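# Notes for the structure review
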Amino acid sequence: MFEDPSWPRRILFVDEEPNAPDSLRRSLVLLHNEWDLVSVTGVDLALRALALESFDVMIADTRGADKAEFFNQVMSLYPETVRLVLSDRSDAGTSLAKAVHQCLTKPCSAETLKTTLDRIFALRRMLAGKSLRRLVSGMTNLPSLPAAYQTLLKTLDSPNAGANEIAELVTHDIAITAKILQLVNSAFFGIPHRVTDPGQAIRYLGLETLKALVLTSGVFSQFKGPRPSGLSVEGLQHHSLDTGRVAQLIAMRENLSKQVVDDAFLAGLLHDAGKLILITKDAEMYERTLAIARDDKLRLDRVEREVFGADHAEVGSYLLWLWALPETVSEAVAFHHRPAECPAQGITALALVHIADQFLHELSSDQSGWPQLDGDYLASAGIADRIPEWRAIAEGTLMQRSA
């Protein structure tokens, strides 16, 4: 899917038992001899190692100690380091979940860990600029709109709040949706299969757990700071909801599996999440980026790469994968403007989001700065003849929302 990054790739193993990381290290060396692996015993030596050297990934075993404070320190001091934890489900908790990017359940085979690390290093390549890579790796929340955040808190505080009512609120905010799904799909909650439906996720978590996460752990942050003119954050939310809904309806029309239907909706809902990250990094710079794309009639994603070192699709995909959302979703987000670069074929979540996103831009007369439908890709996927019928679905969705 992505190019392999160049050597060296530095990994720090942290454990309470001296022999465990060495054993795993020997196994990994046999699988991949290009990794630069360092093993230490205990959190004090780990912090010392991080202070002396730069590491791409840190893997820590939670056996024998509560690592929440340690991971919070690493997140604060070394946000560019990807944080993985090896954990028994019985010793995990939401305080630790907040501070790590992914949790791997023990016993974890060397092959499973290798696959995870390969994916991390491949995705890190997507972000060329170190400062942007540091920003994304260090983020624990996508910013949420204050109104949505406050409404959710008020609803959660009501003794009569139900899962359906909360799910309705959640799906109207892309940041809150992303964080809830990150948590429910982590090993901390022991769900035997992946969950992409926000309502199902809330039912798995339970209202009390969700309330604790929102009210005491600060899981969701409000969208703060200046907003660039030329981009309405509320408009971005509406477009994301519409894209998810259109992609979902097309999947349902084609009688695709429930998994594809759910993935299409989620990927559509989150496909522009990277814009929030770029705005958070520098709202004024993003405003200039929008102006350049508009005035010079250039594609926005290409201008973003020139200005920030990565476009919103790449940045959003990277963060969503770090949050352990399904690969099909992060893949659709990453390639929704250039689907031909992804080997996935057929009516996938990627194809549906690419199509729905473009339809909605066309129907809103907002075609400046956006790529057109990739006709060659649609033809190779065998779905070009379905476009007129699917465009009618998008038209109906917009008419229904404006009614």
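In what follows, the structure referred to is the one given above.
Below: a short report on this structure.

Each value, and the rule that gives it
- Residues numbered from 1 in each chain as written.
- Predicted model: local features only at pLDDT ≥ 70, side-chain atom pairs only at ≥ 80, totals over all residues.
- Heavy atoms only, no water.
- Helix = DSSP H or I, 4+ residues; strand = E, 2+ residues; numbered from the N terminus.
- Buried < 20%, exposed > 50% of the residue type's maximum accessible area, 1.4 Å probe, protein only.
- Expected span 1.5 Å × (residues − 1).
- Polar contact = N/O pair within 3.5 Å; in protein donor to acceptor, adjacent residues only side chain to side chain.
- Core = buried A, V, L, I, M, F, W, Y, C linked by side-chain atoms within 4.5 Å.
- Contact = heavy atoms within 4.5 Å.
- Pairing = 2+ DSSP bridges.
- Axes fitted to C-alpha atoms, helices over the stretch in contact; angles between N-to-C directions.
- Parallel < 35°, antiparallel > 145°, perpendicular 65-115°, else oblique.
- Left-handed = near helix turned anticlockwise from the far one by under 90°.
- Nonpolar A, V, L, I, M, F, W, Y, C, P; charged D, E, K, R; others polar.
- Salt bridge = Lys/Arg side-chain N within 4 Å of Asp/Glu carboxyl O.

## Section: the overall build of the protein
- Secondary structure summary: the protein contains 21 helices and seven strands in total.
- Across the 403 residues in the protein, those meeting the buried criterion constitute 56%.

## Re helix H12 (residues 233-253)
- When the terminal C-alpha atoms of H12 are compared, their 30 Å separation across 21 residues agrees well with the 30 Å that a helix rising 1.5 Å per residue should span.
- The opening residue of H12, the one whose side-chain oxygen lies 2.8 Å from the backbone nitrogen of Gly235, is Ser232.
- At the exit of H12 stands Asn255, carrying a positive phi of roughly 55 degrees.

## Some remarks on the nonpolar core
- Ile59, Leu117, Leu142 and Ile355 are the most contacted members of the largest nonpolar core, which has 103 residues in total.
- The dominant element in this core, judged by the number of residues it contributes, is helix H19 (residues 349-363), at nine residues.
- With residues up to four places along the chain from it excluded, the contact list for Ile355 reads Ile250, Leu373, Leu378, Ile383, Ile387 and Trp390.
- The next biggest cluster of nonpolar side chains, apart from the first, holds 18 residues, and it includes Phe55, Ala60, Phe71 and Val74.

## Considerations on the environment of Met126
- Looking at where Met126 falls in the secondary structure, it is placed in the loop between helix H5 (110-124) and helix H6 (130-138).
- Assessed through its relative accessible area of 10%, Met126 is described here as buried.
- When the C-alpha positions of Met126 and Ser317 are compared, they lie 9.3 Å apart, and in sequence the two are 191 residues distant.

## Thoughts on the sheet that holds strand S2 (residues 35-41)
- With parallel pairing, the five strands of this open sheet are ordered in space as S2-S1-S3-S4-S5. Single-partner strands in this sheet number two, and they are S2 and strand S5 (102-105). For this sheet, the mean angle separating the axes of adjacent strands, direction not counted, is 20 degrees.
- Where H5 meets the sheet, it contacts strand S1 (9-15), S2, strand S3 (57-61), strand S4 (82-87) and S5, and its direction lies at approximately 165 degrees from that of S4.

## So, the packing of helix H8 (residues 163-170) against helix H10 (residues 198-205)
- The contact between H8 and H10 brings their axes to 9 Å, and the two run at 130 degrees. Comparing their axes, H10 and H8 come out oblique. Where H8 crosses over H10, the two elements pack in a sense that is right-handed. The residues of H10 that touch H8, namely those facing Ala163, Asn164, Ile166, Ala167 and Val170, are Pro198, Gly199, Ile202 and Arg203.
- Residue composition of the contact of H8 with H10, by class: six nonpolar, two polar and one charged.

## Here's the deal with the pattern of salt bridges
- Scanning all chains against the criterion turns up 18 salt bridges.
- Note that Asp311 is salt-bridged to Arg338, the shortest N-O span being 3.0 Å. Placement of the pair is Asp311 in the loop between helix H16 (300-308) and helix H17 (312-322) and Arg338 in the loop between helix H18 (327-335) and H19, with a sequence separation of 27 residues.
- The class of Arg338 is buried, set by a relative accessible area of 15%.
- What you see here is one network of salt bridges that share partners, running through Arg299, Asp301, Arg305, Asp311, Glu314, Arg338 and Glu341.

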